[in-house]
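Listed below are the residues making up each chain.
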Amino acid sequence: MTTAISLAVIDDHPLFREGVIRSLAEISGFSIVGEGSTRDDAVRIVDEARPDILLMDISMPGGGLEAIPLILERVPGQKIVMLTVSEASDDVTTALRSGAKGYVLKGVGSRTLAEILRTVASGESYVAPTLSARLISGQGNAPAKADLIRALTDRESEVLQLVATGLSNKQIGLKLDLHEKTVKHHMTQIFTKLGVANRTEAAMAFRDALERNG
């Protein structure tokens, strides 16, 4: 029997927070270990409960975006997923570059949210597809990204191509006969070289480069 994914939910709207907690508690495989409404609550709960995932709003007392570096400074491995109404590219970019592993828009169904949380718990990142597409198209530096992609090694290019098809690190490892740890190393190199924060941005950059090259 697999261990339940422990969650803490931070949102300053009590009704919404309670709804999220109730919905996830009804889905097997999740346990709620803390809830709060402010940046300070988020820091305290991570310190005390060490949840597998912290699900946190952006707009709250103290600021959700401001909470990310404070939390990661204390607990570097903490997985943070933002659950927010904000579709602003600046907010998405700040969250990801600060270390958040996921960015989800409120309005998502409970089953979909559960799948996203399982994805993040397994070590992957997630950004709402509409936002990741907008991030890439709004950067205005796609030609530069295409140049950076050409600078990848052959192996890194192979890995990125498979990432763009939606494969996980484990699946890529099986396909290329590589250890999963090796794939993760290649992913780190790809993120660094492309200047992206997660696999969604890397995949979008790859697809955009393909389109520009015809």
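Before any of the text, the structure's been laid out above.
Everything numeric here is computed off the predicted structure, so don't read it as measured data.

What counts and what doesn't
Residues numbered from 1 in each chain as written. Predicted model: local features only at pLDDT ≥ 70, side-chain atom pairs only at ≥ 80, totals over all residues. Heavy atoms only, no water. Helix = DSSP H or I, 4+ residues; strand = E, 2+ residues; numbered from the N terminus. Expected span 1.5 Å × (residues − 1). Buried < 20%, exposed > 50% of the residue type's maximum accessible area, 1.4 Å probe, protein only. Arc of directions from axis to C-beta. Contact = heavy atoms within 4.5 Å. Core = buried A, V, L, I, M, F, W, Y, C linked by side-chain atoms within 4.5 Å. Pairing = 2+ DSSP bridges. Right-handed = clockwise from strand over helix to strand, strands pointing away. Salt bridge = Lys/Arg side-chain N within 4 Å of Asp/Glu carboxyl O. Polar contact = N/O pair within 3.5 Å; in protein donor to acceptor, adjacent residues only side chain to side chain. Axes fitted to C-alpha atoms, helices over the stretch in contact; angles between N-to-C directions.

Caption draft 1: View of helix α5 (residues 110–121). End to end, α5 covers 16 Å across 12 residues, agreeing with the expected 16 Å (1.5 Å per residue, within 8%). Those residues of α5 that sit buried are L113, A114, I116, L117 and V120. Angularly, the buried residues of α5 cover 160° about the axis, an arc narrow enough to put them on a single face. Remark: G123 follows α5 within two positions and exhibits a positive phi of approximately 110°.

Caption draft 2: View of the environment of I71. Relative to the helices and strands, I71 is located in helix α3 (residues 64–74). Owing to a relative accessible area of 1%, I71 belongs among the buried residues under this scheme. Between the C-alpha atom of I71 and that of D40, which follows or precedes it by 31 residues, the distance is 9.7 Å. Excluding its chain neighbours within four sequence positions, the residues that come into contact with I71 are A42, V43, V46, L54, M56, Q78 and I80.

Caption draft 3: Representation of the nonpolar core. If you look at the biggest cluster of nonpolar residues, it comprises 27 residues, and the most contacted ones within it are L54, M56, I68, I71, I80, M82 and Y103. Of all the secondary structure elements, the ones that give two or more residues to this core are β1 (5–10), α2 (39–49), β3 (53–56), α3, β4 (79–84), α4 (89–98) and β5 (102–105). Per-element tally for this core: the top contributor is α3, with five residues. Once residues within four sequence positions are removed from consideration, Y103 is found in contact with I58, M82, T84, S86, D91, V92, A95, Y126, V127, A128 and L131.

Caption draft 4: Broad picture of the pairing of β3. Taking every second residue as pointing to the same face, both faces of β3 are buried, with I53 and L55 on one and L54 and M56 on the other. Strand direction decides the pairing type here: β3 and β4, joined by four bridges, are parallel. Within the sheet, the bridge partner assigned to M56 lies in β4 and is M82. Chirality of the crossover, the property in question, places the unit of β3, α3 and β4 among those that are right-handed.

Caption draft 5: Layout of the pattern of salt bridges. One pass over the structure, following the stated rule, counts 10 salt bridges. Note that K106 and D57 form a salt bridge whose closest N and O atoms lie 3.3 Å from each other. Of this pair, K106 sits in the loop between β5 and α5 while D57 is found in the loop between β3 and α3, placing the two residues 49 residues apart along the sequence. For K106, a relative accessible area of 22% puts it in the partly exposed group.

Caption draft 6: Local environment of the side chain of N198. Positionally, N198 belongs in the loop between α10 (180–194) and α11 (199–212). Given a relative accessible area of 1%, N198 falls into the buried group. A polar side-chain atom of N198 sits 2.9 Å from the main-chain amide nitrogen of E201. When neighbours within four sequence positions are excluded, N198 is seen to be in contact with L96, S125, V127 and F191.

Caption draft 7: Quick look at the sheet that holds β1. Read across the open sheet, the six strands follow the order β2-β1-β3-β4-β5-β6; overall the sheet is parallel. Looking at strand neighbours, the two that pair on one side only are β2 (30–36) and β6 (126–127), the edges of this open sheet. Packing of helix α1 (residues 14–25) onto the sheet brings it into contact with β1, β2, β3 and β4, and relative to β2 it is tilted by some 165°. Docked against the sheet, α4 engages β4, β5 and β6, running at close to 150° with respect to β5.

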